Amino acid sequence: MSKIIVWRGNDKAGIGRFCAHLKEELGEKFEVRIVDNFSEIINLIPERKRVVAISSTKGWLLPIIFPKNFFVLHGFPNLLHYSKFRYHIMVAYFRVITWLSFKTVSVSEFTKLINESFLGISSDYVVNNDTISLFKSVNKLSKKREVVKILYVGRMLEEKGVFTIINSFKKISENISQKVELTILGADEDSHDDLNRIRLIKFTSNLKCIHDAYINSDIFISLNPLEPFGLTALEAMTAGNV
């Protein structure tokens, strides 16, 4: 039986959750192993011919070692986020990695469109994890809650717009009669600001924890101007969030 290894890289990024979904879907039929350091990869070299590797941006070593490597395009380089020099380096890097890889996978049609049309980086497949199955038992009641719960899922980075969300929430919550609470799933550690009703939850790729966060929220918010229509939008919609 073939062994599938998945390079997780940053567990806080969307690719970490993508890998968690992937392991859950393939785990019953294949031996799936998530790796996050190069020493584990080196130990697998003797088995490289029977290994199917799935790598992301930082897993550059996998397509060099494993003949059957699937490279996952989780987004695309852009000039709003990178300097011109780094932008061109990233485009060149993606082109080399996709050329070395056995197949290239995009996580959405939009990601595939941008990479192919503007950057010349082609994809063989588009794979949106079966996110809907995770929420198939959802049956949200339409009754009015005493506290309206707002959710943000993602890393706490300036370019994600999360600090704009926090600052705006503080101002809005002070000027409306409706009780509201903001939960941010993507912090470095757990904390709770009782005064401003902001709850920070340490990021996890545990699917049940993520599932519960969506189910217990009413509104999902994302202000990331560079979002390549990733998993969070799909998860929020299938969970019934506004």
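Computed from a predicted model, the values in this text were never measured in an experiment.

Chemist: How would you summarise the environment of Asp-193 if you had to cite specific residues and measurements?
Modeler: Tracing the backbone shows Asp-193 in strand β9 (residues 191-193). Sequence spacing of Asp-193 and Leu-182 is 11 residues, and the spatial spacing of their C-alpha atoms is 9.9 Å.

Chemist: Now, about the sheet that holds strand β2 (residues 31-35): what can you tell me, with residues and values included?
Modeler: The 6 strands are arranged β2-β1-β3-β4-β5-β6 in an open sheet whose pairing can be described as parallel. Bordering the open sheet on either side are β2 and β6 (125-126), each of which pairs with just one other strand. With 4 bridges connecting them, strand β3 (residues 51-55) and strand β4 (residues 68-73) associate as parallel partners. Counted as the bridge partner of Val-52 is Lys-68 from β4.

Chemist: Hey, could you go over the sheet that holds strand β7 (residues 147-153) for me, with residue numbers and the actual values?
Modeler: Sheet strands pair via backbone hydrogen bonds, and the direction of the pair is either parallel or antiparallel. With respect to topology, 5 strands assemble into an open sheet ordered β9-β10-β8-β7-β11, the strand pairing being mixed. A single partner strand is all that each edge strand has here, and the edge strands are β9 and β11 (219-220). For β7 and β11, the ladder comprises 2 bridges, and the chain directions are parallel. Looking at the pairing, Ile-150 lines up with Ile-219 of β11. Sheet strands in contact with helix α7 (residues 162-173) are β7, β8 (179-187) and β10 (198-202), and its direction is about 165° off that of β8.

Chemist: Give me helix α5 (residues 109-119): which residues, what numbers.
Modeler: Looking at α5, one finds that the buried residues are Thr-111, Ile-114, Asn-115 and Leu-119. Axial view of α5: buried residues confined to an arc of 90°, hence all on one face. The inward-facing, buried residues of α5 abut β4, α4 (84-100) and β5 (103-106).

Chemist: Explain the nonpolar core residue by residue, including any values.
Modeler: Generally speaking, a soluble globular protein has its nonpolar side chains buried in company with each other. Formed by Phe-71, Leu-73, Phe-76, Tyr-82, Tyr-87, Met-90, Val-91, Phe-94, Ile-97, Ile-114, Leu-119 and Ile-121, the largest nonpolar core amounts to 12 residues. No other element matches the 5 residues that α4 contributes to this core. For Ile-114, the contacting residues outside a window of four places in its chain are Phe-76 and Leu-119. Ranked by size, the runner-up nonpolar core spans 11 residues in total, among them Val-35, Ile-41, Leu-44 and Phe-66.

Reading guide: rules and limits
- Residues numbered from 1 in each chain as written.
- Predicted model: local features only at pLDDT ≥ 70, side-chain atom pairs only at ≥ 80, totals over all residues.
- Heavy atoms only, no water.
- Helix = DSSP H or I, 4+ residues; strand = E, 2+ residues; numbered from the N terminus.
- Pairing = 2+ DSSP bridges.
- Contact = heavy atoms within 4.5 Å.
- Axes fitted to C-alpha atoms, helices over the stretch in contact; angles between N-to-C directions.
- Buried < 20%, exposed > 50% of the residue type's maximum accessible area, 1.4 Å probe, protein only.
- Arc of directions from axis to C-beta.
- Core = buried A, V, L, I, M, F, W, Y, C linked by side-chain atoms within 4.5 Å.

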